[in-house]
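# Structural features, examined
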Amino acid sequence: MKVSAIDVDCPQRLVLEHVTSRWGVLVLLALEERSYRFSELRREIGTVSEKMLTQTLQTLERDGMVHRDAKPVIPPRVDYSLTDLGREAAAQVRALSDWTERRMADVAQARARYDETRSSPTA
């Protein structure tokens with residue numbers, strides 16, 4: 001599929017948005033390591049609100065990437081883990097994350113060059 005002009009109603013576009021959203025990426029990367037309870041996952045990710053984490057988990061669960069395991073105990077216990085589909089998506093996100101880490105110095109140099117040309121008076 002060519003990405004040049006993806007239709008707004010295209011289902012692939014929605015899945016791509018879910019997987020690459022700010023919190024979707026972090027959830028996939030965290031759950032790639034192990035399963036988490038909600039509060040553990042929230043602490044692992046950091047600054048995400050309870051509402052946003054809940055929405056992200058529900059979206060990824062609906063897309064078949066996250067498994068929600070609610071145990072009927074008191075107090076209630078809910079664990080989140082990746083499905084096979086989620087592990088495959090997480091591997092793709094991990095590759096992009098690793099590339100970003102490897103190439104950050106190049107990105108910083110490009111930004112500096114860009115900023116320098118924008119701040120220089122035009123002759």
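Everything in this summary refers to the structure shown in the same document. The structure presented is a predicted model; accordingly, all values stated were derived computationally and were not measured. Here the residue index of a chain counts from 1 through its sequence in written order. Only residues with pLDDT of at least 70 are given local features in this predicted model, and only at 80 or more are side-chain atom pairs given and counted; all residues enter the totals for whole chains, interfaces and linings. The basis for every side-chain value is the complete set of non-hydrogen atoms in the structure, without hydrogens or water.

## Topic: the overall build of the chain
For the record, the criterion: The helix count covers DSSP runs of H or I at least four residues long, the strand count covers runs of E at least two residues long, and both are numbered beginning at the N terminus. Here the globule rule is a power law, 2.2 Å times the number of residues to the power 0.38, and the radius of gyration is based on C-alpha atoms. The criterion used for residue contact is that any of the two residues' heavy atoms lie within 4.5 Å. Methods summary: accessible areas were calculated by the Shrake-Rupley approach with a probe of 1.4 Å, and residue burial reflects only the protein chains presented. None of His or the chain ends enter the tally, which takes Lys and Arg as positive and Asp and Glu as negative. Taken as the charge centre is NZ of Lys, CZ of Arg, CG of Asp or CD of Glu, depending on the residue.
Of regular secondary structure, the chain possesses five helices and three strands. If you list the helices and strands of the chain from N to C, you get α-α-β-α-α-β-β-α. A compact globule built from 123 residues would reach a C-alpha radius of gyration of about 14 Å, whereas the chain, at 19 Å, exceeds it by more than 25%. Its C-alpha atoms put the chain at 70 × 35 × 25 Å along the principal axes. Taking as baseline every contact in the chain between residues at least 6 positions apart, the subset at least 24 positions apart corresponds to 46%. Accessible area for the chain stands at about 9000 Å²; split by element, carbon and sulfur atoms hold 53% of it. One finds the centroid of the 19 positive side-chain charges in the chain at a distance of 3 Å from the centroid of its 19 negative side-chain charges.

## Some remarks on the nonpolar core
Test applied: We call a set of buried residues a nonpolar core when its members are Ala, Val, Leu, Ile, Met, Phe, Trp, Tyr or Cys and they connect through side-chain atoms within 4.5 Å of each other. Each residue gets one of three labels from its accessible area relative to the maximum for its type: buried under 20%, exposed over 50%, partly exposed in between, using a 1.4 Å probe on protein chains only.
Leu28, Leu31 and Leu41 are the most contacted members of the largest nonpolar core, which totals 22 residues. For this core, the secondary structure elements donating two or more residues are helix H2 (22-33), helix H3 (38-45), helix H4 (50-62), strand S3 (77-82) and helix H5 (84-119). The element that contributes the greatest number of residues to this core is H2, accounting for six residues. Beyond its immediate chain neighbours, meaning those up to four positions away, leucine 31 contacts Tyr36, Leu41, Val66, Tyr80, Ser81 and Leu82.

## Considerations on the packing of H2 against H4
The following threshold applies: Helix axes use the C-alpha atoms of the stretch in contact, all axes being lines fitted to C-alpha atoms, and the angles between their N-to-C directions lie in the range 0 to 180 degrees. Here roughly perpendicular refers to angles of 65 to 115 degrees, roughly parallel to angles under 35, roughly antiparallel to angles over 145, and oblique to all remaining angles. Basically, the charged four are Asp, Glu, Lys and Arg, the nonpolar ten are Ala, Val, Leu, Ile, Met, Phe, Trp, Tyr, Cys and Pro, and anything else, Gly included, counts as polar.
Axis separation between H2 and H4 bottoms out at 10 Å; the angle between their running directions is 70°. Overall, the two elements H2 and H4 adopt an arrangement that is roughly perpendicular. Along its contact with H2, which presents Trp23, Gly24, Val27 and Leu28, the element H4 presents Met52, Leu53, Thr56, Leu57 and Leu60. Of the residues in the contact of H2 with H4, the class split is seven nonpolar, two polar and no charged.

## A short note on H4
Worth spelling out the cut-off: Helix span, as expected, comes to 1.5 Å for every residue beyond the first.
Spanning 13 residues, H4 covers 18 Å between terminal C-alpha atoms, matching the ideal 18 Å at 1.5 Å per step. In this fold, the buried residues of H4 make contact with helix H1 (11-20), H2, H3, strand S2 (66-71) and S3. Phi turns positive one or two residues past the end of H4, at glycine 64, with a value near 85°.

## Here we look at the sheet that holds S2
Applicable threshold: One bridge is not enough; two strands pair if DSSP finds at least two bridges between them.
Pairing in this open sheet of three strands is antiparallel, and the strands run S1-S3-S2 from one edge to the other. Strand pairing shows two members of the sheet lacking a second neighbour, strand S1 (36-37) and S2, which therefore form its edges. Where S2 and S3 come together, six bridges link them in antiparallel fashion. Residue pairing in the sheet places lysine 71 in a bridge with arginine 77 of S3.

Taken by themselves, the reported measurements are silent on function.
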